[in-house]
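Reading the structure
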Amino acid sequence: MSIRFTPSVVTANDLFEGDVVYLTPQGGWSRLHAEAELFTEQAAAETALAAALAQPDRLVGAYLAPARRGPNGPEPAHFREEFRARGPSNYPHGKQAERMC
Amino acid sequence: MYTYSEFDRDFLATRNAQFRAQVERRIAGNLTEEEFRPLRLMNGLYLQLHAYMLRVAIPYGTLNSAQMRQLAMIAEKWDKGYGHFTTRQNIQFNWPRLRDVPDILDALAEVGMHAIQTSGNCVRNVTADHFAGASADEIADPRPVAELLRQWSTDHPEFQFLPRKFKIAITGSPNDRAVTRAHDIGLRMVLQDGARGFEVIVGGGLGRTPVIGKVLAEFIPEADLLPYIEAILSTYNSYGRRDNKYKARIKIMVNELGLEEVRARVAHRFEALRAEWGGADQAILNDLRRAFAPPAFRVASTEAYEIAYKNDPVFRSFADTNLAQHWQDGYAIVTISLKAHGATPGDATSDQMRLMADLAERYGHDELRISHEQNVILPHVHKSDLPALHAALQQAGLATANIGLISDIIACPGMDYCALATARSIPVAQEIATAFEAREQDIGGLKIKISGCINACGHHHVGHIGILGLDRAGVENYQITLGGDATETAALGERAGPGFAYDQIVPAIERVIDAYLDLRQDPQEEFIKTFQRLGAQPFKDALYLTGDRANAA
């Protein structure tokens, strides 16, 4: 019996800024989790991850992160990914600061 | 203090130029991440959750005002206007961009600082008692030896690829403020027949296998210290495990071979090495002693201090809590708390760094220290200057009178920044500090230490109360340890039982504290003493509402 695949997004850190980025359905990279493509099929997710790993000139450390469908797009399904998608909790820095602008 | 020689400056300029070229090659796509990663780590550059992080060494925690101002400038120009002081007397910048890091390293080099060996399987920043050279209880300033160790270990060709990272701490005082028993090598200065030497402790460490270090040698004369340490490193380099990252620290080698066998192998290596040294290190050490000579202390009246102490209760509280006894009459050691209630432990803004630099220059013989407890120390302040110093600190939010109290918490960056973390540390520290602010003077001396993963950067094992943040089935969960001790009577805390959810950890700590207040014999009996008298059980009962506490609930 195969283990059920957890829906996931492809995420990495940007080479230049270090910021968290997500693979979009258009094949580009967004800094917003809600703009990520949510993969529900393992084969498609792994193909997309392999493509991301083949872009070492702009990305570092691509991996599949658990996510779920939300009203405004995919949402993180683990607290670590929530922090990556938002920023630290002690200062309004990172992505949460950009959203406030 | 020590200032860089021409050799140091040339070495650093060469290394920085190399790294600048490596960054350019990475950006141009000529180096893969696999190739670049070890190169950036050798220069202190990590990639964390949200951004790169640059870890800069502050050797033995000592800075001058120019260095502190440069850190402030770097934080402002290339980061977000603050820096984070760590439990290894380093400073971390949490938001640098890759392209800017070579410029940051050049800016550090301008003031004799670098980020070399703040990562990797090498000898890391040598840490020391943050009161070194100032404390009344000290035999002698250990920093000349610490600087000798820094020079010897920096870019040491034999020790760049050890089985695992290697941390050395040193103190010149019998009262251990440097956590020497939780380091790969801990050095405690001792006197034997009037001659200075060191007790050499080996194989301590926290992390996933916490071990209190063992005494490898009770007395190594100062002249033999460096060859003896080289013999330890050499033995470790030969016999330390490389098959399993989690069993590669020297503490595992000591546990597996046994202390006697390690002692014999080190002694054998030492015999071969000692003859090769020829005393060159002692000549350098003599020069270094001059570099660390005490400042020209002032002889002046301390009346202004005494008047303020008598008349100003806020100043009196600061003086009672944040001052330590200096060996020089009329002087005090001032600890500036980076733990304002609700603030991030160890963080200082650029403005605060500049103010501390100005105050060090004006009142403190141009010296600052960073403590492993994530505070800043002005080691040499004449008591007559303390009222003015305190007033200036108040203006900048730096006069919190809480050193050694429950809100003076060590916390690692945790999952707010760290890629290795399994839970957050900082907000737990912030909430505990805020929750106990009103009654912390009554609670008295108490060390809470928080780590956001088992690597234990927050020293939770040696906290009187330790908190370890874990990921339990996708939820943050916090384990409590009780009775740890980071001093010369070092002890590992005992795990209390099952962990607590994020929103239950502060109430859990409140139950422990309430139990302590009920159980202590008098207000002078500090938490750790009550714990040592009664053991863990009454505190466990309070935590889990068992025993007598079950009925009270």
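Let me begin by describing the structure that accompanies this report. (Residues numbered from 1 in each chain as written. Chains lettered and ligands numbered in written order. Predicted model: local features only at pLDDT ≥ 70, side-chain atom pairs only at ≥ 80, totals over all residues. Heavy atoms only, no water.)

1. Here's the deal with unusual backbone geometry
Residue and element names in this part refer to chain B.
- In this model, D193 sits at a positive phi of 50 degrees, which is unusual for a non-glycine residue.
- Here D193 lies in the loop between β8 (185-192) and β9 (195-202).
- Under the relative-accessibility criterion, D193 is labelled exposed at 81%. (Helix = DSSP H or I, 4+ residues; strand = E, 2+ residues; numbered from the N terminus. Buried < 20%, exposed > 50% of the residue type's maximum accessible area, 1.4 Å probe, protein only.)

2. Details of the layout of surface pockets
Residues and elements named next belong to chain B.
- The computed volume of the second largest pocket comes to approximately 910 Å³.
- If you go around the second largest pocket, you meet 34 residues; those closest to its centre are R177, E373, G404, K447 and T487.
- At the level of elements, α11 (313-322), β11 (323-325) and α17 (527-534) are the ones that each hand at least two residues to the lining of the second largest pocket.
- By residue class, the composition of the lining of the second largest pocket is 9 nonpolar, 14 polar and 11 charged. (1 Å grid on protein atoms, 1.4 Å probe; cavity = no way out; pocket = protein on both sides within 12 Å on 5 of 7 lines; lining within 4 Å. Points joined across faces, edges and corners; volume = space filled by probe spheres on them. Nonpolar A, V, L, I, M, F, W, Y, C, P; charged D, E, K, R; others polar.)

3. Focus on helix α6 (residues 225-239) of chain B
- Across its 15 residues, α6(B) extends 21 Å between first and last C-alpha, which sits within 8% of the 21 Å expected from 1.5 Å per residue.
- The element α6(B) is largely enclosed, with a buried count of 13 among its 15 residues. (Expected span 1.5 Å × (residues − 1).)

4. Notes on the packing of helix α12 (residues 350-363) of chain B against helix α13 (residues 386-395) of chain B
Residues and elements named next belong to chain B.
- Between α12 and α13, whose axes approach to 11 Å, the crossing angle comes to 170 degrees. Classified by the angle between their axes, α12 and α13 sit roughly antiparallel to one another. Touching L355, L359 and Y363 of α12 are A388, L389, A392 and L393, all from α13.
- Looking at side-chain class alone, the contact of α12 with α13 contains 7 nonpolar, no polar and no charged residues. (Axes fitted to C-alpha atoms, helices over the stretch in contact; angles between N-to-C directions. Parallel < 35°, antiparallel > 145°, perpendicular 65-115°, else oblique. Contact = heavy atoms within 4.5 Å.)

5. Side note on the pattern of salt bridges
All names here are of chain A.
- Going through the model one piece at a time under the given rule, you end up with 44 salt bridges over all chains.
- Ionic pairing is found between R80 and E81, a salt bridge with its closest N-O pair at 3.9 Å.
- On the basis of relative accessible area, E81 is assigned to the buried category, the value being 4%.
- Among the ionic contacts, a cluster of salt bridges with common partners joins D14, D19, R31 and K95. (Salt bridge = Lys/Arg side-chain N within 4 Å of Asp/Glu carboxyl O.)

6. So, the sheet that holds strand β3 (residues 29-30) of chain A
All names here are of chain A.
- The sheet built from 5 strands is open, its strands ordered β3-β2-β1-β4-β5 with antiparallel pairing. In this open sheet, the two edge strands, each paired with only one partner strand, are β3 and β5 (75-76).
- Across 6 bridges, the pairing between strand β1 (residues 8-14) and strand β4 (residues 59-68) is antiparallel. Each bridged residue has a counterpart across the sheet, and for V10 the counterpart in β4 is L64.
- Against the sheet, helix α1 (residues 42-53) engages β1, β2 (20-23), β3 and β4, with an angle of about 155 degrees to β4. (Pairing = 2+ DSSP bridges.)

7. Topic: the interface of chain B and chain A
- Contacts between the two partners involve 32 residues from chain B, matched on the other side by 24 residues from chain A.
- The three residues of chain B that bury the most area against chain A are L49(B), H50(B) and M415(B), which together make up 24% of that side's buried surface.
- Applying the counting criterion to the chain B and chain A interface returns 1 salt bridge.
- Linking R97(B) and E17(A) is a salt bridge whose minimum nitrogen-to-oxygen distance equals 4.0 Å.
- Our count for the contact surface shared by chain B and chain A stands at 10 residue pairs in polar contact (both at pLDDT 80 or more).
- For the side of chain B that touches chain A, the secondary-structure elements that each account for two or more residues are α1 (6-27), α14 (426-435) and β19 (475-482) of chain B.
- The leading source of residues in the side of chain B that touches chain A is α14(B), at 3 residues. (Buried area = accessible area lost by both parts, 1.4 Å probe. Polar contact = N/O pair within 3.5 Å; in protein donor to acceptor, adjacent residues only side chain to side chain.)

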